[in-house]
Amino acid sequence: MMQIFLETDRLTLRRFTGADEDDLVELDGDPEVMRFLNGGRPTPREEIRDRVLPAFLGYYERSEGFGFWAAVERSTGRFLGWFHFRPRRDEPREGEVELGYRMRRAAWGRGYATEGSRALIHKGFTELGVDRVLAGTMAVNLGSRRVMEKSGLTLVRTFHQDRPDAIDGSEHGVVEYALTRADWQARR
């Protein structure tokens, strides 16, 4: 049984299941999808099966309303990618969540990431008690930055991380965007 977390005009965000392994392998197997994450290396199937998917599934046991959600196109049922909406891993703060997304290349430029992000932000502020949403990416990842801006987040800072596995573009740093519930309400 598919457990739906939320729906938009064009998307269903649902819980992951063990049956999603092939879709995740395909998603993380695209060098362009992985370009700003690790320089374009595919994630091995074993890592998806043994580490990634169990971590996604583990969220549903630990917290209601937060975790990783498979994004499916409503009209076709096709897997488009995923969103996460979860407490920050580094420096967790009460009421603060991190928004993230990873979409198949076929879904790029079609507004899906923005549509899903806006829906998660709305649910976070109206139903889940969220006070502030954060998102981050490499400074050179202009596509992802546009999604953050179109979703209502604003640039907070640019910073540099020490990465043993520096990838092309990492010398420009990482950007962090944020949106508070008060700012979100004021714009509505």
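Scroll up to find the structure.
Below: a short report on this structure. Please read all numbers here as calculations on a predicted model, not as lab measurements.

Here we take up the packing of aromatic side chains. In the structure shown here, the tally under the stated rule is 11 aromatic pairs. Ring geometry for F5 against W69: centres 3.8 Å apart, planes inclined by 5°, an arrangement best described as stacked. Remark: W69 occurs in strand β3 (residues 67-73) and F5 occurs in strand β1 (residues 4-7); sequence separation between them is 64 residues. According to the relative accessible area criterion, W69 is buried, its value standing at 3%.

Ordered in space as β1-β2-β3-β4-β5-β6-β8-β7, the 8 strands form an open sheet in which the pairing is mixed. If you trace the sheet from one side to the other, it starts and ends with β1 and β7 (154-159), each paired once. Strand-to-strand twist of the sheet, defined as the mean angle between neighbouring strand axes without regard to direction, takes the value 25°. The pairing of β3 with strand β4 (residues 79-87) spans 6 bridges and is antiparallel. In the sheet register, A70 faces β4, and the bridge partner there is W82. Sitting on the sheet, helix α1 (residues 21-28) is in contact with β4 and β5 (96-103), with an inclination near 90° to β4. The strands touched by helix α4 (residues 112-126) within the sheet are β1, β2 (11-15), β3, β4, β5, β6 (132-138) and β8 (174-180), with β4 carrying the most contacts at an inclination of about 30°.

In this model, helix α3 (residues 45-62) (18 residues) spans 25 Å end to end at C-alpha, consistent with the 26 Å of a helix rising 1.5 Å per residue. Looking only at α3, the buried set comprises I48, V52, L53, F56, G58, Y59 and Y60. Buried residues in α3 make contact with β2, α1, β3 and β4.

Time to look at the environment of A178. Note on placement: A178 falls in strand β8. Accessibility expressed as a relative area gives 8% for A178, which makes it buried. Between the C-alpha atom of A178 and that of G136, which follows or precedes it by 42 residues, the distance is 8.7 Å. Setting aside chain neighbours within four positions, we find A178 in contact with R132, V133, L134, L153, T154 and V156.

Attention shifts here to the pattern of salt bridges. Summed over the entire model, instances satisfying the criterion amount to 20 salt bridges. The shortest N-O distance in the salt bridge between R49 and D50 comes to 3.2 Å. Given a relative accessible area of 38%, R49 falls into the partly exposed group. By relative accessible area, D50 is classed as exposed at 53%. A salt bridge links E96 to R93, with the shortest nitrogen-to-oxygen separation between them at 3.2 Å. According to the relative accessible area criterion, E96 is buried, its value standing at 7%.

Two elements in contact, α1 and α3, have axes separated by 10 Å at closest approach and are oriented at 115°. The angle between α1 and α3 falls in the class roughly perpendicular. Crossing hand, α1 versus α3: right-handed. On the side of α1, the interface is formed by E21, D22, L24, V25 and D28, while α3 contributes R45, I48, R49, L53 and F56. By residue class, the composition of the contact of α1 with α3 is 5 nonpolar, no polar and 5 charged.

Of all 7 residues making up β8, 6 are buried, and the element is well covered by its neighbours. In this structure, β6 lies alongside β8, joined through 7 bridges in antiparallel fashion. The partner of M138 across the bridge, within β8, is V174. Pairing of β7 with β8 involves 5 bridges; the strand directions are antiparallel. Considered in β8, the bridge of T158 is made with V175.

Thresholds, definitions, all that
Residues numbered from 1 in each chain as written. Predicted model: local features only at pLDDT ≥ 70, side-chain atom pairs only at ≥ 80, totals over all residues. Heavy atoms only, no water. Phe/Tyr/Trp six-rings, centres within 6.5 Å; stacked < 30°, edge-to-face > 60°. Helix = DSSP H or I, 4+ residues; strand = E, 2+ residues; numbered from the N terminus. Buried < 20%, exposed > 50% of the residue type's maximum accessible area, 1.4 Å probe, protein only. Pairing = 2+ DSSP bridges. Axes fitted to C-alpha atoms, helices over the stretch in contact; angles between N-to-C directions. Contact = heavy atoms within 4.5 Å. Expected span 1.5 Å × (residues − 1). Salt bridge = Lys/Arg side-chain N within 4 Å of Asp/Glu carboxyl O. Parallel < 35°, antiparallel > 145°, perpendicular 65-115°, else oblique. Left-handed = near helix turned anticlockwise from the far one by under 90°. Nonpolar A, V, L, I, M, F, W, Y, C, P; charged D, E, K, R; others polar.

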